[in-house]
Amino acid sequence: MSKEKPEVGDVWTDQDGRKLFLFQVTDKYLHFMRRKNKYPDNTNRVVVFTFTRRWFLEVSRFDYLGKSKVSIKE
């Protein structure tokens, strides 16, 4: 929805330009996933990150891109 009120489906970028997709929101935590490429066996994997809501919203190393155009089911 916005940088101040994260919702499931929001997309953010980190300092390195990698996209983080918000897939679960609780009162205290924000759970993100992102694709990680270039494993030794050349496969793509999904990496999950969990941040406290307070910390995530206070730091300035993530930029809000907007709402994802695909659903979590896709």
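So, here's what we can say about the structure. Since the structure is predicted, the reported quantities are computational estimates derived from the model, not experimental observations. (Residues numbered from 1 in each chain as written. Predicted model: local features only at pLDDT ≥ 70, side-chain atom pairs only at ≥ 80, totals over all residues. Heavy atoms only, no water.)

Points about the overall build of the protein chain
Tallying secondary structure elements over the protein chain gives one helix and five strands in all. Mapped from its N terminus to its C terminus, the protein chain presents α and β elements in the order β-β-β-β-α-β. The buried share among the 74 residues of the protein chain stands at 23%. In the protein chain, the share of contacts with a sequence separation of at least 24, taken over all contacts with a separation of at least 6, comes to 39%. As displayed, the protein chain has an accessible area near 5700 Å², and 50% of this comes from carbon and sulfur atoms. (Helix = DSSP H or I, 4+ residues; strand = E, 2+ residues; numbered from the N terminus. Buried < 20%, exposed > 50% of the residue type's maximum accessible area, 1.4 Å probe, protein only. Contact = heavy atoms within 4.5 Å. Areas by Shrake-Rupley, 256 points an atom, 1.4 Å probe, with all protein chains shown as cover.)

Observations regarding the pattern of salt bridges
Scanning the model with the defined rule gives five salt bridges in all. A salt bridge links Lys67 to Glu7; the nearest nitrogen and oxygen atoms lie 3.5 Å apart. Here Glu7 lies in the segment before strand 1 (10–13) and Lys67 lies in strand 5 (residues 63–67), a separation of 60 residues in the sequence. Glu7 sits in the partly exposed class, given a relative accessible area of 28%. Of the charged contacts in the structure, one is a salt bridge between Lys67 and Asp10, with a shortest N-O distance of 3.9 Å. (Salt bridge = Lys/Arg side-chain N within 4 Å of Asp/Glu carboxyl O.)

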